[in-house]
Amino acid sequence: MKKIIHILPHNIYKFFPQCRKNITYLSELDHHITRFIRNCIVYDEKSELTHELRTIWDGNNILELVHNEWFLIKVFPQDFQIFLPLETSFSIFKAIKNELKIEWCKRVWHIHSYYLFMFDFLVLYLKYKWEKIFAHHRWWWFTYRALPYSLYKYVFMLPIILRFCEKIFAQNKTEYYRLNTRYKINKNKLILFPNSILKQREKTSFLKDHMVHIVFIGRLERVKGIVDILNALYFLQQRGQVFDMTFIWEGSMRSKIEDFCSKYSIQYTITWWIDSNKLNTLLQEKDICVIANKKAEGSSNAVLESLAYGLPVISYDIEWINDFIESGKSGFLVNSQNEFKNKLFDLVSNPSLIKTMSSFAQKDIQARFNQSIFFKTLIGHYYESIDSSNRNSR
């Protein structure tokens, strides 16, 4: 048996509060990690690999669920309490110990967040048992608000622990080069694995109702640049532009948005987080996407999907977002608040420019971020690793 065991060492309740009401919600979960595993299954042409997801919850027992994409989910209690507020589970280690007793099963352990505390101990234990380890990372962030942990994790531990992994998947170019140059990780171990799309999306409308439809996808928090977006909308309104604005998600700035838009008669909608199918339907009817965060944003699915649907994206020129946007062709990368609102005005006031950028964005994203390329490469590494363990065991 050939098995890929994916570990997400997060407390799933923190991501999905719906699970507090009914943990079986996980069986229908549409999230980055479940889509990732689904794609692993879809692109496995040999169909010899079995996938399993292990994660953490606040309950007292171990649950097993079958996801509707037909892979097993095991949820373990957060039962290793330490003096720090970190997500740790002793039960996962006991389950690993039992798993390793199955000698006829060949495994790769794919750990999906290497900036978490449990990653260090999982890797050390698995390496001690001569297991194959893949490390996957969406993004990292050294923060002075948690300085002791940042020093422990990013300065001391990661340069050591990552060397025990067979493959390390970085989700953007910045992280890839950081691992190679700062941590001196050999490029033979590093794989660039950004978010990607399956196929070119179909755009069903353009300037619906003769107005420009703008969208923002992200938490409604000050750190996400909500104030800059509101100021840019006011700038458009004062210059007589016809548009509406949709915010997707929730956050502490919601009341600020509502008060501001009501005060200046800006047409807007706030929609709580929606699943990928509903998001796709919504993006088909939008014309421009705005991102106003001034700090690194990870490998943003919001930007990727927006460009795939032909929405030019206006964003600050920040790490990882600038992997996706060809400034001046599929959107604009800006460096100041004035430039942000002026570039948005340039687009909103020029429908032909929106259409030109829309066409380029769709073709560019499909060419550079085609899902099949990255997942077929990943599947190849899975088989190569498992086959090498078979040879070593003989």
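Residues numbered from 1 in each chain as written. Predicted model: local features only at pLDDT ≥ 70, side-chain atom pairs only at ≥ 80, totals over all residues. Heavy atoms only, no water.

Observations regarding helix H13 (residues 351-368)
Next, step 1: Along its 18 residues, H13 runs 26 Å from first to last C-alpha, staying within 8% of the 26 Å computed at 1.5 Å per residue.
Next, step 2: Buried residues belonging to H13 abut strand E9 (212-217), strand E12 (288-291), helix H11 (301-308), strand E14 (331-334) and helix H12 (337-348). (Helix = DSSP H or I, 4+ residues; strand = E, 2+ residues; numbered from the N terminus. Expected span 1.5 Å × (residues − 1). Contact = heavy atoms within 4.5 Å.)

Side note on the packing of helix H8 (residues 226-238) against H12
Next, step 1: In contact at an axis separation of 9 Å, H8 and H12 are set at 45° when each is read in the N-to-C sense. Classified by the angle their axes make, H8 and H12 are oblique. As for the relative orientation of H8 and H12, their crossing is right-handed in sense. In contact with Asp228, Ile229, Asn231, Ala232, Phe235 and Leu236 of H8, H12 contributes Gln337, Phe340, Lys341, Asn342, Leu344, Phe345 and Val348.
Next, step 2: Of the residues assigned to the contact of H8 with H12, the class counts are eight nonpolar, three polar and two charged. (Axes fitted to C-alpha atoms, helices over the stretch in contact; angles between N-to-C directions. Parallel < 35°, antiparallel > 145°, perpendicular 65-115°, else oblique. Left-handed = near helix turned anticlockwise from the far one by under 90°. Nonpolar A, V, L, I, M, F, W, Y, C, P; charged D, E, K, R; others polar.)

Brief notes about the pairing of E9
Next, step 1: Most of E9 sits out of view: six of its six residues are buried.
Next, step 2: Burial along E9 is two-sided: the residues Val212, Ile214 and Phe216 and His213, Val215 and Ile217 are all buried.
Next, step 3: Judged from the six bridges that link them, E9 and strand E10 (residues 243-248) form a sheet pairing that is parallel. Across the sheet, isoleucine 214 pairs through a bridge with methionine 245, a residue of E10.
Next, step 4: Taking the sense of rotation as the criterion, the β-α-β connection linking E9, H8 and E10 turns out right-handed.
Next, step 5: Where E9 meets E12, two bridges bridge the pair, whose relative direction is parallel. Looking across to E12, one finds that isoleucine 214 is bridged to isoleucine 288. (Buried < 20%, exposed > 50% of the residue type's maximum accessible area, 1.4 Å probe, protein only. Pairing = 2+ DSSP bridges. Right-handed = clockwise from strand over helix to strand, strands pointing away.)

Digging into the pairing of strand E1 (residues 2-11)
Next, step 1: The buried fraction of E1 is high, at nine of ten residues.
Next, step 2: When E1 meets strand E2 (residues 49-57), the two strands line up parallel, connected through seven bridges. Each residue of the ladder has a partner; that of isoleucine 7, found in E2, is arginine 54.
Next, step 3: Pairing analysis gives six bridges linking E1 to strand E5 (residues 106-111), with the strands arranged parallel. Bridged to isoleucine 5 within E5 is tryptophan 109.

What to know about helix H10 (residues 276-283)
Next, step 1: Taken residue by residue, H10 has Leu279, Asn280, Leu282 and Leu283 as its buried positions. Projection of H10 onto a plane perpendicular to its axis shows the buried side chains occupying an angular sector of 160°, all on one side. Opposite the packed face of H10, turned more than 90 degrees from it, sit the exposed residues Asn277 and Lys278.
Next, step 2: Those residues of H10 hidden inside the fold are in contact with E9, E10 and H11. (Arc of directions from axis to C-beta.)

Structural notes on the pattern of salt bridges
Next, step 1: Using the criterion set out here, one finds 21 salt bridges in the structure.
Next, step 2: Lysine 2 is paired through a salt bridge with glutamate 48; the nearest N and O atoms lie 2.9 Å apart. With a gap of 46 residues between them, lysine 2 in strand E1 and glutamate 48 in the loop between helix H3 (32-42) and E2 connect regions that are remote in the sequence.
Next, step 3: The network of salt bridges with common partners includes Lys3, Glu52, Arg54, Glu64, Lys74, Glu99, Arg107 and Glu131. (Salt bridge = Lys/Arg side-chain N within 4 Å of Asp/Glu carboxyl O.)

Digging into the sheet that holds E10
Next, step 1: Pairing within the open sheet is parallel, and its six strands lie in the order E11-E10-E9-E12-E13-E14. Each end of this open sheet is capped by a strand with a single partner; those strands are strand E11 (268-271) and E14. The average undirected angle you get between the axes of adjacent strands in this sheet is 20°.
Next, step 2: Relative to strand E13 (residues 313-316), E12 runs parallel, the two sharing three bridges. From the neighbouring strand, valine 290 faces E13, where its bridge partner is isoleucine 314.
Next, step 3: Where H11 meets the sheet, its contacts fall on E9, E12 and E13, and the angle it forms with E13 comes to roughly 150°.

As for the sheet that holds strand E3 (residues 63-66)
Next, step 1: Spatial ordering of the open sheet is given by E3-E4-E2-E1-E5-E6-E7-E8, a layout of eight strands whose pairing is mixed. Whereas interior strands pair on both sides, the edge strands pair on one side only; in this sheet they are E3 and strand E8 (190-192). On average, each strand axis in the sheet is inclined to that of its neighbour by 20°, with strand direction left out of account.
Next, step 2: With respect to the sheet, helix H4 (residues 90-99) is in contact with E1, E2, strand E4 (72-77) and E5, its orientation differing from that of E2 by roughly 155°.

Remarks on the environment of leucine 162
Next, step 1: The topology assignment puts leucine 162 in the loop between helix H6 (147-161) and strand E7 (167-170).
Next, step 2: It is 9.5 Å that separates the C-alpha atoms of leucine 162 and phenylalanine 134, two residues lying 28 residues apart in sequence.

Some details on the state of the cysteines
Next, step 1: Counted by the stated rule, this structure contains zero disulfides.
Next, step 2: Cysteine 105 provides the cysteine sulfur closest to cysteine 40, a residue in no disulfide bond, and the two sulfurs are 16 Å apart.
Next, step 3: A relative accessible area of 0% means that cysteine 40 is categorised as buried. (Disulfide = S-S within 2.5 Å.)

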